[in-house]
Amino acid sequence: MPKLDISPMLADIYQCSIDTGIVPFKWKNANICGIIKKGKKSDPVNYRPISLTCIASKILEHIIHSHVMKHLQQNNVLTDCQHGFRAKRSTETQLIVTIHDLANTIQRGESTHVAVLDFSKAFDKVPHQRLLRKLHYYGTCGELLDWFESFLSQRYQSVVCEDKASSPLLVTSGVPQGTVLGPLLFLLYINDLSDNLQSTVKLFAGDALLYDVITSDSDCDRLQDDLHKLEQWQN
(Lines give C-alpha, C1' and ligand atoms only; values in the text may rest on other atoms or scores of the structure.)
Protein backbone atom coordinates (compact mmCIF):
# COMPACT_ATOMS: atom_id res chain seq x y z
CA MET A 1 0.00 0.00 0.00
CA PRO A 2 1.28 3.52 -0.78
CA LYS A 3 2.32 5.63 2.21
CA LEU A 4 0.03 8.50 3.17
CA ASP A 5 1.75 11.86 3.52
CA ILE A 6 -0.04 13.67 6.34
CA SER A 7 2.38 16.60 6.55
CA PRO A 8 0.20 18.98 4.44
CA MET A 9 -2.80 18.23 6.66
CA LEU A 10 -0.78 18.75 9.82
CA ALA A 11 0.62 22.01 8.45
CA ASP A 12 -2.92 23.27 7.82
CA ILE A 13 -4.03 22.25 11.33
CA TYR A 14 -1.00 23.91 12.90
CA GLN A 15 -1.49 27.14 10.97
CA CYS A 16 -5.18 27.22 11.85
CA SER A 17 -4.36 26.63 15.52
CA ILE A 18 -1.88 29.51 15.59
CA ASP A 19 -4.04 31.88 13.54
CA THR A 20 -7.08 31.33 15.77
CA GLY A 21 -5.16 31.04 19.05
CA ILE A 22 -6.96 27.80 19.85
CA VAL A 23 -5.37 24.49 20.86
CA PRO A 24 -7.53 21.46 19.96
CA PHE A 25 -9.21 20.03 23.03
CA LYS A 26 -7.87 16.52 22.47
CA TRP A 27 -4.31 17.85 22.55
CA LYS A 28 -4.84 19.07 26.10
CA ASN A 29 -5.77 15.71 27.56
CA ALA A 30 -2.82 14.04 29.25
CA ASN A 31 -2.12 10.68 30.79
CA ILE A 32 -0.01 11.11 33.91
CA CYS A 33 2.77 8.63 34.54
CA GLY A 34 4.44 8.82 37.94
CA ILE A 35 8.26 8.65 38.06
CA ILE A 36 9.72 7.94 41.50
CA LYS A 37 12.02 10.70 42.78
CA LYS A 38 12.99 9.55 46.24
CA GLY A 39 11.67 7.85 49.35
CA LYS A 40 9.11 5.10 49.66
CA LYS A 41 7.39 3.93 46.48
CA SER A 42 4.16 3.53 48.43
CA ASP A 43 3.90 7.30 49.06
CA PRO A 44 2.37 9.21 46.09
CA VAL A 45 4.13 12.42 47.19
CA ASN A 46 7.47 10.89 46.18
CA TYR A 47 6.53 10.68 42.49
CA ARG A 48 7.15 13.24 39.73
CA PRO A 49 4.08 13.52 37.44
CA ILE A 50 4.99 13.32 33.73
CA SER A 51 2.38 14.29 31.15
CA LEU A 52 2.05 11.95 28.18
CA THR A 53 0.43 14.11 25.52
CA CYS A 54 -0.50 13.95 21.84
CA ILE A 55 2.42 13.57 19.40
CA ALA A 56 0.87 16.10 17.00
CA SER A 57 0.80 18.64 19.83
CA LYS A 58 4.47 18.00 20.68
CA ILE A 59 5.51 18.72 17.08
CA LEU A 60 3.75 22.09 17.09
CA GLU A 61 5.23 22.83 20.52
CA HIS A 62 8.72 22.26 19.09
CA ILE A 63 8.00 24.75 16.31
CA ILE A 64 6.70 27.40 18.71
CA HIS A 65 9.53 26.72 21.19
CA SER A 66 12.11 27.36 18.45
CA HIS A 67 10.61 30.73 17.47
CA VAL A 68 10.04 31.91 21.05
CA MET A 69 13.57 30.93 22.14
CA LYS A 70 15.01 32.78 19.14
CA HIS A 71 13.14 35.92 20.23
CA LEU A 72 14.37 35.53 23.82
CA GLN A 73 17.98 35.09 22.74
CA GLN A 74 17.96 38.00 20.29
CA ASN A 75 16.59 40.33 22.96
CA ASN A 76 18.59 38.92 25.91
CA VAL A 77 15.38 38.31 27.83
CA LEU A 78 16.43 35.35 29.99
CA THR A 79 18.41 36.25 33.09
CA ASP A 80 22.09 35.30 33.00
CA CYS A 81 21.85 33.57 36.38
CA GLN A 82 19.55 30.85 34.96
CA HIS A 83 21.38 27.65 33.94
CA GLY A 84 18.44 25.25 33.58
CA PHE A 85 16.81 24.16 30.29
CA ARG A 86 19.14 26.32 28.20
CA ALA A 87 21.54 25.44 25.42
CA LYS A 88 25.21 25.30 26.44
CA ARG A 89 24.25 25.61 30.12
CA SER A 90 23.93 22.92 32.77
CA THR A 91 24.54 22.06 36.40
CA GLU A 92 28.24 22.00 35.52
CA THR A 93 28.29 25.60 34.25
CA GLN A 94 26.43 26.77 37.33
CA LEU A 95 28.88 24.90 39.58
CA ILE A 96 31.94 26.33 37.79
CA VAL A 97 30.73 29.93 38.15
CA THR A 98 29.78 29.43 41.81
CA ILE A 99 33.08 27.77 42.75
CA HIS A 100 34.94 30.59 41.01
CA ASP A 101 33.12 33.19 43.14
CA LEU A 102 33.66 31.26 46.37
CA ALA A 103 37.35 30.61 45.63
CA ASN A 104 37.97 34.33 45.04
CA THR A 105 36.35 35.11 48.38
CA ILE A 106 38.54 32.55 50.18
CA GLN A 107 41.68 33.95 48.55
CA ARG A 108 40.79 37.39 49.91
CA GLY A 109 40.40 35.91 53.38
CA GLU A 110 36.69 36.73 53.50
CA SER A 111 33.58 34.71 54.34
CA THR A 112 30.58 33.84 52.16
CA HIS A 113 27.14 33.01 53.52
CA VAL A 114 25.01 30.79 51.30
CA ALA A 115 21.30 29.98 51.24
CA VAL A 116 20.20 26.96 49.20
CA LEU A 117 16.52 27.14 48.17
CA ASP A 118 14.18 24.71 46.47
CA PHE A 119 10.71 25.90 45.51
CA SER A 120 8.54 22.92 46.43
CA LYS A 121 6.26 21.67 43.61
CA ALA A 122 7.40 24.69 41.61
CA PHE A 123 6.10 23.50 38.21
CA ASP A 124 2.71 22.59 39.64
CA LYS A 125 2.10 25.90 41.42
CA VAL A 126 2.60 28.38 38.58
CA PRO A 127 -0.56 30.56 38.39
CA HIS A 128 -1.70 30.77 34.77
CA GLN A 129 -2.83 34.39 34.67
CA ARG A 130 0.38 35.65 36.25
CA LEU A 131 2.39 33.59 33.75
CA LEU A 132 0.39 35.01 30.84
CA ARG A 133 1.06 38.57 32.04
CA LYS A 134 4.78 37.80 32.10
CA LEU A 135 4.61 36.32 28.60
CA HIS A 136 3.02 39.55 27.39
CA TYR A 137 5.68 41.61 29.19
CA TYR A 138 8.44 39.65 27.45
CA GLY A 139 7.00 40.28 24.00
CA THR A 140 4.44 37.53 23.37
CA CYS A 141 1.21 39.08 22.13
CA GLY A 142 -1.68 38.73 19.68
CA GLU A 143 -2.69 35.30 18.44
CA LEU A 144 0.38 33.64 19.96
CA LEU A 145 -0.51 34.88 23.44
CA ASP A 146 -4.06 33.63 22.88
CA TRP A 147 -2.57 30.29 21.83
CA PHE A 148 -0.56 30.03 25.05
CA GLU A 149 -3.66 30.87 27.08
CA SER A 150 -5.55 28.11 25.28
CA PHE A 151 -2.59 25.75 25.77
CA LEU A 152 -2.68 26.31 29.55
CA SER A 153 -6.44 26.40 30.10
CA GLN A 154 -9.00 23.61 30.20
CA ARG A 155 -6.33 20.92 30.46
CA TYR A 156 -7.43 17.56 31.82
CA GLN A 157 -5.30 14.74 33.12
CA SER A 158 -5.78 11.13 34.15
CA VAL A 159 -3.37 9.12 36.25
CA VAL A 160 -2.37 5.87 34.55
CA CYS A 161 -0.92 2.99 36.57
CA GLU A 162 -0.68 -0.67 35.62
CA ASP A 163 -3.09 -0.31 32.67
CA LYS A 164 -5.69 1.42 34.84
CA ALA A 165 -6.69 5.09 34.42
CA SER A 166 -8.41 7.47 36.80
CA SER A 167 -11.25 9.77 35.82
CA PRO A 168 -10.07 12.99 34.09
CA LEU A 169 -9.53 15.98 36.38
CA LEU A 170 -9.24 19.65 35.44
CA VAL A 171 -5.77 21.21 35.87
CA THR A 172 -6.15 24.73 37.30
CA SER A 173 -2.50 25.75 37.76
CA GLY A 174 1.05 24.85 36.82
CA VAL A 175 2.91 24.19 33.60
CA PRO A 176 2.44 20.62 32.32
CA GLN A 177 5.53 18.51 32.97
CA GLY A 178 6.45 16.26 30.09
CA THR A 179 5.45 18.77 27.43
CA VAL A 180 7.94 20.56 25.18
CA LEU A 181 6.87 24.05 26.23
CA GLY A 182 6.57 23.36 29.97
CA PRO A 183 10.24 24.07 30.86
CA LEU A 184 10.35 27.22 28.71
CA LEU A 185 7.19 28.59 30.29
CA PHE A 186 8.63 27.94 33.73
CA LEU A 187 11.87 29.78 32.84
CA LEU A 188 9.84 32.82 31.80
CA TYR A 189 7.77 32.67 34.96
CA ILE A 190 10.81 32.55 37.25
CA ASN A 191 12.87 34.94 35.11
CA ASP A 192 12.28 38.00 37.31
CA LEU A 193 13.08 36.21 40.58
CA SER A 194 16.51 37.85 40.89
CA ASP A 195 15.21 41.38 40.17
CA ASN A 196 15.87 43.85 43.01
CA LEU A 197 18.04 41.36 44.92
CA GLN A 198 21.41 42.60 46.16
CA SER A 199 22.95 39.16 46.71
CA THR A 200 24.35 36.92 43.99
CA VAL A 201 21.77 34.48 42.62
CA LYS A 202 22.27 31.28 40.63
CA LEU A 203 19.27 29.37 39.27
CA PHE A 204 18.77 25.92 37.85
CA ALA A 205 15.08 25.81 36.97
CA GLY A 206 13.33 26.02 40.37
CA ASP A 207 16.46 25.52 42.49
CA ALA A 208 18.06 28.74 43.72
CA LEU A 209 21.44 29.50 45.26
CA LEU A 210 21.70 32.83 47.08
CA TYR A 211 25.04 33.99 48.48
CA ASP A 212 26.92 37.10 49.54
CA VAL A 213 30.27 38.11 51.05
CA ILE A 214 29.78 38.82 54.77
CA THR A 215 32.09 41.27 56.50
CA SER A 216 29.67 43.01 58.86
CA ASP A 217 26.23 42.78 60.44
CA SER A 218 24.83 44.98 57.68
CA ASP A 219 25.89 42.35 55.12
CA CYS A 220 23.95 39.72 57.07
CA ASP A 221 20.93 42.02 57.15
CA ARG A 222 21.17 42.49 53.38
CA LEU A 223 21.17 38.74 52.75
CA GLN A 224 18.24 38.26 55.13
CA ASP A 225 16.35 41.06 53.40
CA ASP A 226 16.82 39.28 50.06
CA LEU A 227 15.40 36.09 51.57
CA HIS A 228 12.33 38.05 52.67
CA LYS A 229 11.98 39.42 49.12
CA LEU A 230 12.08 35.90 47.72
CA GLU A 231 9.37 34.85 50.15
CA GLN A 232 7.20 37.72 48.93
CA TRP A 233 7.95 36.89 45.30
CA GLN A 234 6.75 33.30 45.58
CA ASN A 235 3.48 34.47 47.15
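Residues numbered from 1 in each chain as written. Predicted model: local features only at pLDDT ≥ 70, side-chain atom pairs only at ≥ 80, totals over all residues. Heavy atoms only, no water.

### Brief notes about the overall build of the chain
- Broken down by element type, the chain carries 7 helices and 8 strands.
- Along the first, second and third principal axes, the C-alpha set of the chain runs to 75 × 45 × 35 Å.
- By residue count, 36% of the 235 residues in the chain fall in the buried class.
- Residue pairs in contact within the chain that sit at least 24 positions apart in sequence constitute 67% of those at least 6 positions apart. (Helix = DSSP H or I, 4+ residues; strand = E, 2+ residues; numbered from the N terminus. Buried < 20%, exposed > 50% of the residue type's maximum accessible area, 1.4 Å probe, protein only. Contact = heavy atoms within 4.5 Å.)

### Description of the pairing of strand β4 (residues 155–161)
- Two strands pair when backbone bridges link them, and strand β1 (residues 29–36) and β4 are joined in this way by 4 bridges, in the parallel orientation. If you follow N31 over to β4, its bridge partner there is S158.
- Relative to strand β6 (residues 169–171), β4 runs antiparallel, the two sharing 3 bridges. Across the sheet, Y156 pairs through a bridge with L170, a residue of β6.
- Direction of pairing for β4 relative to strand β5 (residues 164–165): antiparallel, over a ladder of 2 bridges. Looking across to β5, one finds that C161 is bridged to K164.
- Where β4 folds back onto β5 in an antiparallel hairpin, the turn is made up of 2 residues, including E162, whose phi is positive at roughly 50°. (Pairing = 2+ DSSP bridges.)

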